[in-house]
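These are the residues of each chain, in order.
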Amino acid sequence: MLKEFVDVLIIGAGPSGCVSASYLHMNNVKIKVVEKTKFPRLVVGESLIPRVMDHFAEAQLFESLDAMNFEKKLGARFIRGEEICVFDFSQKFGEGWDWTWQVPRADFDNTMAQEIIRKGIDLEFESEVLEVSFEGKNSKTIVKDKDGNLKEIHAKFIIDSSGYGRVLPRLLDLDTPSQLDPHSSIFTHVKDINRPEGVEGTMISFDILETEVWLWVIPFSNGNTSLGVVGPTHFINSLSENKDNAEALKNAIQLSDYYIKRFQGTEFLFEPVKLENYSRAVKRMYGDGFALTGNSSEFLDPVFSSGVAFATESGMLAAKLYLKESQGITVDWETEFTGYMKRGIAVFTTYVKEWYTGNLQTLFFHRPENPDVKEKICAVLAGYVWNEENPFVKKHDNVIKNMAYLLEMEKKASENKKGES
């Protein structure tokens, strides 16, 4: 069997894997990237948040991505009936990028993959990991290529960026139930023939159909738009008695007063894809000789577009910690990797939970708006969830539910006064 010897094996060529690979290559680490699929390939996660731009810039991937002229995402709009709340990333608390992109991931991921190949990184498509074994921190990975040939890849460290493939969690029995309630989604792309001119046509929007059910609308610069519906799994399943994803998504569009005219009868560009009970978690995020990054470790929910940000954050961090360790510096992976990532994940987990309780929606749509509160929430939505100078980060456990409770009490008091008069 053919054998290869590298410093770091990276499993998966999505954003996390490419960020890790590019950063390590910049620091003269011998790496190998294996990717099970052939690019370009369809994948969800088309709405980014500004925090990812820090990672693309640091990994020297920004210029190649920027040259693709993907649609710029300057904020996000939330719609509930006739109520509208718009967040502008330039109006957020603290420092950080004021914009990002909304992207067809097939093109976006392929751009990054081709860029790391151009840099001289060994990336092998259509190569599936079959087995992994460890001897101390050193690993031996059996990989099957597109022709069915097997090879052994010996590495000093593995970064698993395999996303929903979840290679190491599957092989090492690291999966554990998510703490989030079961939700599912169905999505596709359409040729946006009724797209309005200007900002209305290009703004990413989340249309709330019920408290726990929402429609995403993500316009791309190529004239197509991603449409998806998200909700409790039982609700998503109820959208079509025949379990027909296309029928289910069409029925969801019918529920949107805001978008029904724009998208009613629009032809789907591919058979809608269903992601059932999508939230994921793991027992641990690292071990001797490996680290889990992106969706191979934790995936929360698409509502605040945090998936790619956590992927690039963890990918960059795993690369930096490996590099540090390879230089003879002691790394406390529990604190420096798991502890750090869990702090950010905990913040977004709270926001996801409070979205589905309706508490966060209460804050979004309360009028008059509180600019100070909105700036601090905007910083979270931009992905700056490690900045504990922001009270909506530091006190995330209680601040949303407490503020929503006070607003509801004020509303009831006001209604009682009107009733008495």
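In this text, all values refer to a predicted model and were calculated from it rather than measured experimentally.

Structural notes on the packing of helix H10 (residues 307-326) against helix H11 (residues 333-357)
In the contact formed by H10 and H11, the axes pass within 10 Å of each other and the chain directions differ by 170°. On the basis of the axis angle, H10 is roughly antiparallel to H11. Contact residues: Phe310, Glu313, Ser314, Leu317, Ala318, Leu321, Tyr322, Lys324 and Glu325 in H10; Trp333, Glu336, Phe337, Tyr340, Met341, Gly344, Ile345 and Phe348 in H11. Classifying every residue of the contact of H10 with H11 by side-chain character gives eleven nonpolar, two polar and four charged.

Quick word on the UniProt feature "domain: FAD-binding" (unreviewed entry) in the protein chain
Cross-referencing UniProt, the feature "domain: FAD-binding" (unreviewed entry) maps to residues 6-222 in the present numbering. Summarising residues 6-222: 22% helix, 37% strand, and an end-to-end C-alpha distance of 39 Å.

Some thoughts on helix H1 (residues 15-26)
Helix length check: H1, at twelve residues, gives a terminal C-alpha distance of 16 Å against a target of 16 Å (1.5 Å per residue), a fit within 8%. Counting buried residues in H1 gives ten out of twelve residues, a clear majority hidden from the surface. Inspection of H1 places Pro15, Ser16, Gly17, Cys18, Val19, Ser20, Ala21, Ser22, Tyr23 and Leu24 among the buried residues, and these make up the whole buried set. Tucked into the core, H1 has its buried residues touching strand E1 (2-11), strand E2 (31-34), helix H2 (51-58), helix H4 (105-118), strand E10 (150-160) and H10. In the segment just after H1, Asn28 is the residue with positive phi, at about 60°.

Description of the pattern of salt bridges
Taken as a whole and assessed by the stated rule, the structure comprises 29 salt bridges. Residue Lys137 pairs with Glu325 through a salt bridge whose shortest N-O separation is 3.3 Å. Note that Lys137 is positioned in the loop between strand E8 (128-135) and strand E9 (138-144) and Glu325 in helix H10, a separation of 188 residues in sequence. Residue classification places Lys137 among the partly exposed residues on the basis of a relative accessible area of 42%.

Parameters and conventions
- Residues numbered from 1 in each chain as written.
- Predicted model: local features only at pLDDT ≥ 70, side-chain atom pairs only at ≥ 80, totals over all residues.
- Heavy atoms only, no water.
- Axes fitted to C-alpha atoms, helices over the stretch in contact; angles between N-to-C directions.
- Helix = DSSP H or I, 4+ residues; strand = E, 2+ residues; numbered from the N terminus.
- Parallel < 35°, antiparallel > 145°, perpendicular 65-115°, else oblique.
- Contact = heavy atoms within 4.5 Å.
- Nonpolar A, V, L, I, M, F, W, Y, C, P; charged D, E, K, R; others polar.
- UniProt positions renumbered as here; feature names shortened; annotations may be inferred.
- Expected span 1.5 Å × (residues − 1).
- Buried < 20%, exposed > 50% of the residue type's maximum accessible area, 1.4 Å probe, protein only.
- Salt bridge = Lys/Arg side-chain N within 4 Å of Asp/Glu carboxyl O.

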